[in-house]
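Residues per chain, in single letters:
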Amino acid sequence: MDLRPAEHMQEAFSAQLTLVDTSVEIDARCVLGPLSLDLSFRRLGVVGRNGSGKSTLARLLAGLIAPAGGTCRLNGVDVYTDRRAALREVGILFQNPDHQIIFPTVLEEVAFGLTQLGRKKAQAERDALAILARFGKSDWAQSPVSSLSHGQKHLVCLMSIVAMAPKVLVLDEPFAGLDFPTKTQLSRYLRLFDGAVIHISHDPSDLQDCESVLWLEKGQIARSGDTKSVLAQYLEAMETLGAGDDISDLSR
Amino acid sequence: MDLRPAEHMQEAFSAQLTLVDTSVEIDARCVLGPLSLDLSFRRLGVVGRNGSGKSTLARLLAGLIAPAGGTCRLNGVDVYTDRRAALREVGILFQNPDHQIIFPTVLEEVAFGLTQLGRKKAQAERDALAILARFGKSDWAQSPVSSLSHGQKHLVCLMSIVAMAPKVLVLDEPFAGLDFPTKTQLSRYLRLFDGAVIHISHDPSDLQDCESVLWLEKGQIARSGDTKSVLAQYLEAMETLGAGDDISDLSR
Amino acid sequence: MISLTSPVRTRAHDLPAALKLGALLVATVVLASVSNLWFHGAVFLAVLGLYILPGRLFFSVGIRRLFILWPFVAGVLIWHFAIDAMAEGAVITLRMVSAVALANLVTMTTRLSDMMEVVHKLTSPFARLGLNLRALEICLALVIRMIPVLGQKGQLLSQSWRARSTRKPRWRIVLPLAVCALDDADRVAEALRARGGLMDVQKE
Amino acid sequence: MEKTVANVALFAALIAVLGIVPNITLGFGVPITAQSLGIMLCGTILGARRGAMAVLVFLLLVALGLPLLSGGRGGLGVFVGPTSGFLFGWVAAAFVTGLIVQKWRQAPLTLVASVASIIGGIGVLYAFGIVGMSVVLGKSLSEATLLVVAFIPGDIAKAIIAGLLTASLARARPASLLSRQGV
Ligand SMILES: Nc1ncnc2c1ncn2[C@@H]1O[C@H](COP(=O)(O)OP(=O)(O)OP(=O)(O)O)[C@@H](O)[C@H]1O
Ligand SMILES: Nc1ncnc2c1ncn2[C@@H]1O[C@H](COP(=O)(O)OP(=O)(O)OP(=O)(O)O)[C@@H](O)[C@H]1O
Ligand SMILES: O=C(O)CCCC[C@@H]1SC[C@@H]2NC(=O)N[C@@H]21
Ligand SMILES: [Mg+2]
Ligand SMILES: [Mg+2]
């Protein structure tokens, strides 16, 4: 499989994430932050319990929600305000494929992002077909999205953003619905991907390939740093909690 | 935690599943079967790749879709035609919580099923609160469902069906979105549950507690029987596939 | 549009729904029949007071929900300024804002199921004429559920659009949204069926 | 049965959501509103009976005091105001629109749905609206008729949108077009 995103990234690319006192409010309730961060990374893991704010962080990093305070920059681009630049910097895979899919057929869905990058429709469709072929899914082109299973939809979403070859991929629980072979092959693809990846998961075993990890807890960073040590601490905390009798708290 | 479903099931309850030449068609395409089965079980696992027909089987067993041919009986009840009886026999947890939740607040969602069983509204709410309390989630009662995270919604769905105390629970990927402590506690709960459980997952490690397992492949039973051996064969097949270069096929 | 639930629990949550609805009804009729500017000014301040009582969070969420009225308010005021009937314009605006604010207040502090209870009492005489009350009740609940869900789906789809495009979605997401809404209705139907559907409530 | 209830609820909700689209109130108190588009869609997609049911359910909620009419209005007051004729007319409009789509199957759906929307959503609806206004505002029928002329261009545009949207939905989700299910 040749899944390199684009020529301009032949050498390993590392991304720069800068948050300055960034916070997110939903319905006047602060669900994330304030966070301050300045990180350079190729593979960044984000781990945390249900409701800890992982998906909210993903939306923030993709520039889809406005910070209530502070700024969020990826490679120097203010992703919320400068959409044109942001589109080249970052692509996001939503946790729930139903929240991502806009078009009725697989080909239209994958081609959409490409026309938005300025390609002509015919060209965009050719490129979309090429992506489908790379993933061995050429026969899906004309399938209505509604006739796919949950995991299959997930894969369509992933192909749509990979097609746009952003420099940073934000993946919100990319493996949650996928079966083992698909997962293996995607991990392999991710290892080949030349851009940077922010991989969000509640399962530490998904994040082994990351060089550093953020652990979110109630919208705050509980711990961050080297993958091995953060994940070990996370696992330990989770096992203690699992043995106890509470089930996840509503964050705040 | 005392999570026994109802008095009539004090002794371990085992369920009888009878499929006779049952098949399911969607848009004139056969996506499941024809299957013939006659099983008695307390914990039945269903494993298979994305698109293999697991969710379709779940819907069939819960009586939500009509078989295109054949019949589907659970404990002797034809679940599709005899809805009144089916409601006492079987409860289903959908794979995507957004597909399951009907009402705007958690308490209303959990209480709804109980009013459907004929309880008065006040009684239903008391019982719903009791279930929330058992799961340590009393503070969720008045929360709007839309303000919960994906995994939290999953838990709400589970509480809603557990509240109805059906004799058989059909769980479609119940752990897919849940964090480790929540998962541990739910597994513990499932072990306590006196009714029968049909547990669907693409991840063999979730199914260790089952006494037997069905392996679905393209809408057919690839293998069934003793958990250990079926899962071992499944894992082996998956590893071979994972090493290969195709990514999951559209079933049929 | 209408928020269904308040972010905090208030004392008004404990009042019977019928009482709140009755009071709203009376208030609406009174507002409609009086056209004295001072009266409407006073009512408006009183309503504002009700929003302040439960605290800052409630106030900010509640007021934000009234902002959808601004084009309407502007339209009325400009029109009445143009025809030189400012006083009348002020009455119309105040009346509208107070009425909506009161209605929102009832909605924010009344759980859907309590609201349904009232409808149930009012419609039970029709049951003898063959009306499936359970179906009606569930249907009303579903409408109230679907209004914000349509909004949210619209938001999610525009976010998904925004994630891949620099153009504004505008009318372009109307069709996807419609399709999404129809699919959602099918799933709701299935979820209903999974929990007993519309059959007559039976005794356990 | 469940499907009917869910769809009726969905379209009632749709009418409500269309009430948020900014609207212009004409001097005499009747707004130009996107909600009349919702009424047409009830008919063209749900068909006569279900479409009318959706409108009734919507009106019931308005009567309960929810501010679902354009401009955030609601409550029992609106049923005695100058627009009340239109509100009652909505039920009939959805019914007639739906009936035409159900019965007339020879022409392309875009055309059928647009024409049906014009007949139901303008012809039938305006009759109710005119009577209502003349009663409430104490005007003669002909004076009231003059007032509604202002709505015609907008409503024709809505009818065409309804036609296009119905046809697109029929392509994307044939099973959801309840007005054309069965024979
Ligand atoms: N639309 C919303 N309205 C109000 N609160 C919300 C909304 N979406 C999320 N929240 C709140 O924000 C918090 C963080 O949610 P988020 O979805 O980011 O969690 P998460 O870490 O992705 O969880 P999960 O692992 O379950 O996906 C949650 O506590 C949730 O209650
Ligand atoms: N609404 C539908 N219309 C047409 N085909 C469908 C529909 N839903 C499912 N299918 C098809 O049925 C097959 C089985 O789908 P199903 O959802 O049962 O798979 P699954 O085993 O649950 O997969 P996953 O692990 O991804 O959830 C899939 O190949 C899919 O293409
Ligand atoms: O909101 C109300 O009180 C009812 C408004 C009725 C408006 C009618 S519907 C037909 C015609 N076309 C419009 O755009 N407005 C009127
Ligand atoms: Mg999440
Ligand atoms: Mg599935």
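Conventions used here
- Numbers given to residues run from 1 along each chain, matching the order in which its sequence is written.
- Numbering of ligands from 1 and lettering of chains from A proceed in the order in which they are written.
- Note on the predicted model: pLDDT of at least 70 is required for a residue's local features to be given, and 80 or more for side-chain atom pairs to be given and counted; whole-chain, interface and lining totals, by contrast, use all residues.
- As a convention, hydrogens and water are excluded, and side-chain values are obtained from all of the structure's heavy atoms.
- Coordination shells were defined by N, O and S atoms within 2.8 Å of each metal, extended to 3.2 Å for Na, K and Ca; water is absent from the atom set, which can make sites look incomplete.
- A run of H or I in DSSP counts as a helix once it spans at least four residues, and a run of E counts as a strand once it spans at least two, with each numbered from the N terminus.
- In this scheme, a helix's expected span is set at 1.5 Å multiplied by one less than its residue total.
- Using a 1.4 Å probe on the protein chains alone, a residue whose accessible area is under 20% of its type maximum counts as buried, one over 50% counts as exposed, and one in between counts as partly exposed.
- Working note: the arc is built from the helix axis to C-beta atom directions.
- Axis definition: a line fit to C-alpha positions, over the contact stretch in the case of helices; interaxial angles, taken between N-to-C directions, run 0 to 180 degrees.
- Should an angle lie under 35 degrees it is considered roughly parallel, over 145 roughly antiparallel, and from 65 to 115 roughly perpendicular; all remaining angles are considered oblique.
- Each crossing gets its handedness from the near helix: less than a right angle anticlockwise from the far helix is left-handed, clockwise is right-handed.
- The criterion used for residue contact is that any of the two residues' heavy atoms lie within 4.5 Å.
- Here the nonpolar group is Ala, Val, Leu, Ile, Met, Phe, Trp, Tyr, Cys and Pro; Asp, Glu, Lys and Arg are the charged ones; every other residue, Gly included, is treated as polar.
- Working definition of a nonpolar core: buried Ala, Val, Leu, Ile, Met, Phe, Trp, Tyr and Cys residues. They are joined through side-chain atoms within 4.5 Å.
- All the domain ranges listed were derived from an automatic or database domain assignment.
- pLDDT expresses, on a scale from 0 to 100, how confident the predictor is about each individual residue.
- To superpose the copies, least squares is applied to the C-alpha atoms of every residue with a pLDDT of at least 70 in both.
- Any pair of Phe, Tyr and Trp rings, taking the six-membered ring for Trp, is counted once the centres come within 6.5 Å. Such a pair is stacked with planes under 30 degrees apart, edge-to-face with planes over 60 apart, and tilted for the rest.

1. Notes on the coordination of the magnesium ion (ligand 5)
At step 1: On the protein side, the magnesium ion (ligand 5) has Ser55 of chain B (OG) and Gln95 of chain B (OE1) as donor atoms, found 1.9 to 2.1 Å from it. Taken together, the residues span a long stretch of sequence, with Ser55 of chain B in helix α1 (residues 54-61) and Gln95 of chain B in the loop between β6 (90-93) and α3 (106-116) at a distance of 40 residues.

2. Some points on helix α7 (residues 227-243) of chain A
Residue and element names in this part refer to chain A.
At step 1: Compared with an ideal rise of 1.5 Å per residue, which puts 17 residues at 24 Å, α7 spans 24 Å between its outermost C-alpha atoms and is within 8% of the ideal.
At step 2: Every buried residue of α7 is accounted for by Thr227, Val230, Leu231, Tyr234, Met238 and Gly242. Projected down its long axis, α7 shows its buried positions confined to an angular sector of 100 degrees, all on one face. Exposed side of α7, more than 90 degrees from the buried face: Lys228, Glu236, Thr240 and Ala243 are the residues found there.

3. Some thoughts on the packing of helix α8 (residues 174-194) of chain C against helix α1 (residues 2-18) of chain D
At step 1: Here α8 of chain C crosses α1 of chain D at 135 degrees, and the two axes come no closer than 8 Å. What the angle tells us is that α8 of chain C and α1 of chain D run oblique. The hand of the α8 of chain C/α1 of chain D crossing is right-handed. Two secondary-structure elements touch here, α8 of chain C through Ala181, Leu182, Ala185, Asp186, Val188, Ala189, Leu192 and Arg193 of chain C and α1 of chain D through Glu2, Lys3, Ala6, Asn7, Leu10 and Phe11 of chain D.
At step 2: The residue makeup of the contact of α8 of chain C with α1 of chain D, split by class, is 9 nonpolar, 1 polar and 4 charged.

4. Here's the deal with the nonpolar core
Taken as a class, soluble globular proteins show a tendency for nonpolar side chains to be buried jointly.
At step 1: Leu57 of chain B together with Phe11, Val55, Phe58 and Trp90 of chain D are the most contacted members of the largest nonpolar core, which has 139 residues in total.
At step 2: Ranked by the residues each element gives to this core, the list is headed by helix α7 (residues 133-162) of chain C, at 12 residues.
At step 3: If you count residues domain by domain, this core takes at least three from each of domain 1 (11-110) and domain 2 (119-203) of chain C.
At step 4: Setting aside chain neighbours within four positions, we find Val55 of chain D in contact with Ile15, Ile39, Cys42, Trp90, Val91 and Ala94 of chain D.

5. A look at the confidence of the model for chain D
At step 1: When pLDDT is averaged along chain D, the result is 87, and 89% of the positions lie at 70 or above.
At step 2: Taken over the whole predicted complex, pTM reads 0.81, whereas the ipTM for its chain interfaces reads 0.83.

6. So, the relation of the copies chain B and chain A
What relates the two chain copies is a rotation about an axis together with a slide along it.
At step 1: Taken as rigid bodies, chain B and chain A are interconverted by a rotation of 180 degrees and an axial shift of 0.1 Å, the fit giving an RMSD of 0.1 Å. One copy is carried onto the other by what is essentially a two-fold rotation axis. Across chain B, the rotation axis passes nearest the C-alpha of Ala176 of chain B, at a separation of 2.8 Å.
At step 2: The residues that chain B uses at the interface reappear at the interface of chain A in 100% of cases, marking a shared surface.

7. What to know about the packing of aromatic side chains
At step 1: The tally for this structure, following the rule as stated, stands at 10 aromatic pairs over all chains.
At step 2: Summarising the aromatic geometry, the rings of Trp215 of chain A and Tyr234 of chain A are spaced 5.2 Å apart at their centres and angled 85 degrees between planes, so their arrangement reads as edge-to-face. Taken as a pair, Trp215 of chain A in strand β9 (residues 212-217) and Tyr234 of chain A in helix α7 lie far apart in primary sequence, 19 residues in all.
At step 3: Using a relative accessible area of 6% as the deciding quantity, one classes Trp215 of chain A as buried.
At step 4: Ring centres of Phe58 of chain D and Trp90 of chain D lie 6.3 Å apart, and the angle between their planes is 50 degrees; on these two criteria the pair is classed as tilted. Placement of the pair is Phe58 of chain D in helix α3 (residues 48-63) and Trp90 of chain D in helix α4 (residues 84-103), with a sequence separation of 32 residues.

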